[in-house]
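# Coordinate analysis (summary)
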Amino acid sequence: MEPIKQLANLAGLQQSYVHAQGHIEHIALADQQALLSAMGCDLTSPQTIAKQIEQLQRQPWQDVVAPVQVLTEHSPLMVRLQQPATTASSNWQWQIVTEEQQHFSGQQNIATSDIIARQQIAGTDYLALNLTIDIALPQGYHQLTLSDGSQQYQQQLIVTPARCFQLQDQAILHKTMGPAIQLYAVRSARNWGIGDFTDLKNLVAPLAELGNDFIGLNPLHALYPGLPQDCSPYSPNSRQWLNTLYVALEQTPDFSDCQAAQQLVKSQQFQTRLQRCRAAADVDYHAVSSLKAEVGSLLYQHFKQQHLACNSDRAAQFRQFIAESDTSLLTLARYQVLQAVLFSRDMSMACWQNFPPEYQNPHSAAVRQFAADNSDAIEQQLYLQWLAQLQLAEVKAECQQRGMAIGLYCDVAVGANSNSAESWGAPEDFLMQLSVGAPPDIMAPKGQNWGLLAYNPKTLRQKAYQPFIQLIRANMRFAGALRLDHVMALLRLWCCPPGADATAGGYISMPADDLFAIMALESQRNHCVVIGEDLGTVPVEISQLMAKYQVMSYRVFMLEQKAGSYQHRDQTYPALALATVTTHDMPTLVGFWHEHDLALRHQLDLFPSAQIAANLEQLRKDEKQLLCDELQLEHGDVSQLVRNSHLYLAATPARLMAYQLEDLLLVATPVNIPGTSTEYPNWRRKLPLEFEQALQQSDVRELITAMAVKRRSD
């Protein structure tokens, strides 16, 4: 095997993949070299390549005990020990401390019959042996300590269930449905130009009354207070914490007690700005952020003087929230303030990689000094995060009170932004020199480069998967269902080297079996259904893992416009799936029918060639004809298309069904155009009506009710 290919195999870089259209694509040698260099490999000479091959071959054998082992409940506990043959120990003492602080211990002797593998590396013979411990561990996170009398070794044991949580586990047997909304896009008579958590809470009762069991949401991840224009929910600052722009400040107890904030909001100047924000067709993030920053600052000062200064019960609740949160919260708050301060001086400081060197390390003396000098601003970010958590908890409680089977259906982005607090706080967790995306497919013929970071699989294992565990746990906190954007990321990630476009990428392997098993554990603990967004280039291994762990597939009606989809409806929309007519990355039904999306792609030069554009235009004509034939549509009747497609989908076996309010309101423009950033105002478009008005429209109410009837009866 050629050295570069051998190195790629050892580094987890796949050399080929099956294209979305079914043929095999091979990664060019030059692209493999660029990717390996970005992963930290030294390719300057045959000698350095050979040395790294040897290091990677030796690496798996250098741990006496792996840092982590993931095993299914009721499986035997076998610990793999690896030692040089000349110094291998045969007598071992073990101790297990469970998550509930139960202690178990014992002693074990290893015989030659326990040897399961041998390997010679650089003249040294290594032995792998199985140490079997006869103990039945419950589900959870436990700590194993092994000792051979002279050295101690530790391993995190993660014992998982066989599958994810399902609604039938709580005796909920009917098929469910709910709207998928972009929270920022919600209009109301009271919000400040952006949908907020009070709007969300106010949506629960009328939607539950119409037979909805969940409300689907865009990712609610923390963004960038100092850079409000960076508004994509899929390019987050931190995926563990919330976007504080969604806090309804005037609905907090502190606003009720703060005269200064009330007077500011009542002032003519503030009201004029507020009305302008409400009336705008798109969310004006700069203006909204300015309004909320002014009031938020007054509320924090009031909270500091009236509660923190006298150690009130409310102050104690805030301090308890801080104490119970992991270090990522303080890291985020410090980063938000530091980034905003530096960016205000120099716009190149949006990325922490461009910060002065003393600020690039979150643990440096300079950062600690900055934190001390800006303690109020940092504590204000913590305060706003606390308010966000409280208000979203109220929404969850409202969903439960109104009898929603699921409640909030949340979404987690596939990666953190390269200039995020996540990467600043723990750069070792990520492949910092690579950008995540997707290879070319029908939705994005030029491929996609999302500017996001992939987890470093080596670091994940060394940290016993803690970054992933914290991510899933945080996003299930308020959710009854969780969608994993681009679920293929648990198996492999399409990564692009610096400066390259999306076609010059390659797939890097991830520890999928362990990640799926951990997700099942957190799913069961949080009573949270898991949906995997499996669109685009989907390897068969992902489908197998999703079936094994009962992760729901993501089935999109508008991507299934081929004759076989109708003839085999139950296979196209199986029970273990969430079905939806369209998605936030696709045109609305009106836009699809009038081909607005194709016109926009021409306008934005998103087609790689005229031939591909012509092929997609012909495909659209064929799809529209098929829709007319199968759904008995009259050409040009978009209202009929909306009604019939939603009722068709409602009757499928899929246990969950989501619909877009935009489609019911006949909105033509898309939320987002994949492959664009500044070319189109992504993540800004609002709904055309206040939600109270939208849900009172007779055609909207009648269609939602009809869908609910089909969901409950079929």
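You'll find the structure just up there.
This report concerns the structure included in the present document. (Residues numbered from 1 in each chain as written. Predicted model: local features only at pLDDT ≥ 70, side-chain atom pairs only at ≥ 80, totals over all residues. Heavy atoms only, no water.)

## Focus on the overall build of the protein chain
What counts, and what does not: Numbered from the N terminus, helices here are DSSP runs of H or I no shorter than four residues, and strands are runs of E no shorter than two. Based on C-alpha atoms, the radius of gyration is set beside the globule rule, defined as 2.2 Å times the residue count to the power 0.38. Accessibility here uses a 1.4 Å probe with only protein chains present; expressed as a share of the type maximum, an area under 20% marks a residue as buried, one over 50% as exposed, and anything in between as partly exposed. By the convention used here, residues are in contact when the closest approach between their heavy atoms is within 4.5 Å. Values of accessible area rely on a 1.4 Å probe in the Shrake-Rupley scheme; residue burial ignores everything except the protein chains shown.
Per the secondary structure count, the protein chain includes 26 helices and 25 strands. Against the 2.2 N^0.38 benchmark of 27 Å for 714 residues, the protein chain shows a C-alpha radius of gyration of 27 Å, consistent with a compact globule. Overall, the C-alpha framework of the protein chain stretches about 80 × 70 × 55 Å when taken along its three principal axes. Within the protein chain, the proportion of its 714 residues that are buried is 56%. Of all intrachain contacts in the protein chain linking residues separated by at least 6 positions in sequence, the fraction that spans at least 24 positions is 72%. As presented, the protein chain carries roughly 29,300 Å² of accessible surface, and 49% of it is formed by carbon and sulfur atoms.

## Comments concerning the side chain of R492
For clarity, the threshold we go by: All tallies of charge rest on Lys and Arg as positive and Asp and Glu as negative; His and the ends of each chain are not included. By definition here, a salt bridge exists when the distance from a side-chain nitrogen of Lys or Arg to a carboxyl oxygen of Asp or Glu is within 4 Å.
With respect to the helices, strands and loops of the structure, R492 is situated in strand 20 (residues 492-496). For the buried R492, which has no salt bridge, the nearest side chain bearing the opposite charge is E541, at an N-O separation of 6.0 Å. Leaving out residues up to four positions away in the same chain, R492 has contacts with Q14, Y17, Y507, I508, S509, M510, T537 and P539.

## As for the nonpolar core
In plain terms, the rule: Nonpolar cores are built from buried Ala, Val, Leu, Ile, Met, Phe, Trp, Tyr and Cys residues. Side-chain atoms within 4.5 Å join them into one set.
If you look at the biggest cluster of nonpolar residues, it comprises 179 residues, and the most contacted ones within it are L200, I215, L408, F516, F557 and L627. Element by element, the count of residues in this core is highest for helix 12 (residues 375-401), at 10 residues. For F557, the contacting residues outside a window of four places in its chain are Y566, Y573, T580, V581, L627, L631, S645, Y648 and L649. Counting 21 residues, the second-largest nonpolar core is a separate cluster that includes W94, L129, L137 and V159.

## Notes on the sheet that holds strand 21 (residues 506-509)
Keep this limit in mind: Each pair of strands is called paired provided DSSP finds at least two bridges between the two strands.
Within the open sheet, the 5 strands sit side by side as 16-18-17-20-21. Their pairing is antiparallel. With one partner strand each, in any of the chains shown, strand 16 (416-417) and strand 21 form the two edges of the open sheet. Across 2 bridges, the pairing between strand 16 and strand 18 (residues 448-453) is antiparallel. What sits directly across from A416, in strand 18, is L453.

## Quick word on the pairing of strand 25 (residues 656-660)
Of all 5 residues that make up strand 25, 5 are buried, and the element is covered over most of its length. Two strands pair when backbone bridges link them, and strand 24 (residues 577-580) and strand 25 are joined in this way by 3 bridges, in the parallel orientation. What sits directly across from A579, in strand 25, is M657.

## Concerning the sheet that holds strand 8 (residues 124-133)
Threshold: Angles here are taken between N-to-C directions and fall from 0 to 180 degrees, while the axes themselves are lines fitted to C-alpha atoms, restricted in helices to the stretch in contact.
Taking strand neighbours across the sheet as the criterion, the 3 strands line up as 4-8-7 in an open arrangement whose pairing is antiparallel. Strands at the two margins of the open sheet, each flanked by one partner only, are strand 4 (77-84) and strand 7 (115-121). Taking each pair of neighbouring strands and ignoring which way they run, the sheet shows an average axis angle of 20°. Summarising the sheet, strand 4 and strand 8 pair through 8 bridges and their orientation is antiparallel. Note on strand 8: the bridge partner recorded for R80 is N130. The strands touched by helix 3 (residues 46-62) within the sheet are strand 4, strand 7 and strand 8, with strand 7 carrying the most contacts at an inclination of about 145°.

## Thoughts on the pattern of salt bridges
Note that side chains of opposite charge can pair when their charged atoms are close. Enumeration according to the criterion identifies 27 salt bridges in this entry. A salt bridge links E99 to R525, with the shortest nitrogen-to-oxygen separation between them at 2.5 Å. Linking E99 in the loop between strand 5 (91-97) and strand 6 (103-109) with R525 in helix 16 (residues 512-526), this pair joins segments that are 426 residues apart in sequence. Exposure remark for E99: the relative accessible area of 30% places this residue in the partly exposed category.

## Quick word on the packing of helix 9 (residues 313-324) against helix 12
A pair of packed helices can be characterised by two numbers: the angle between their axes and the separation between those axes. Keep this limit in mind: Under this scheme an angle from 65 to 115 degrees is roughly perpendicular, one under 35 degrees roughly parallel, and one over 145 degrees roughly antiparallel; angles in between are oblique. Any residue outside Ala, Val, Leu, Ile, Met, Phe, Trp, Tyr, Cys, Pro, Asp, Glu, Lys and Arg is labelled polar, Gly included; the first ten of those are nonpolar and the last four are charged.
At a minimum axis distance of 10 Å, the contact between helix 9 and helix 12 shows a crossing angle of 95°. The orientation of helix 9 with respect to helix 12, classified from their angle, is roughly perpendicular. Mapping the contact onto sequence places R314, Q317, F318, F321 and I322 in helix 9 and E379, L382, Y383, Q385, W386, L387 and Q389 in helix 12. Split into classes, the residues belonging to the contact of helix 9 with helix 12 amount to 7 nonpolar, 3 polar and 2 charged.

## Some remarks on the pairing of strand 24
Going residue by residue along strand 24, you find A577 and A579 tucked away on one face and L578 and T580 tucked away on the opposite face as well. Sheet topology places strand 23 (residues 553-556) next to strand 24; 4 bridges connect them, and they run parallel. The residue bridging S553 from the neighbouring strand is A577, located in strand 24.

## Thoughts on the environment of A279
By secondary structure assignment, the location of A279 is in helix 7 (residues 268-279). Considering only alpha carbons, one finds A279 and A388, 109 residues apart in sequence, at a separation of 25 Å.

## Some points on the environment of E692
Its location among the elements puts E692 in helix 25 (residues 691-694). Assessed through its relative accessible area of 36%, E692 is described here as partly exposed. Taking the C-alpha atoms as reference, E692 lies 20 Å from A658; in sequence the two are 34 residues apart. Those residues in contact with E692 that sit more than four places away from it in its chain are R187, S188 and A189.

## Topic: unusual backbone geometry
Look at A464: it is not a glycine, yet its phi comes out positive at around 55°. Tracing the sequence through the fold places A464 in the loop between helix 14 (457-462) and helix 15 (466-475). Of note in this structure, Y465 is not a glycine but carries a positive phi near 65°. Along the chain, Y465 falls in the loop between helix 14 and helix 15.

## Considerations on the state of the cysteines
Test applied: The term disulfide is used for any two cysteine sulfur atoms that are within 2.5 Å.
Scanning the entire structure with this criterion turns up 0 disulfides. We note that C528 lacks a disulfide partner, and the nearest cysteine sulfur, in C410, lies 7.7 Å from it. A residue is classified by how much of its surface remains accessible, and C528, at 0% relative accessible area, is buried.

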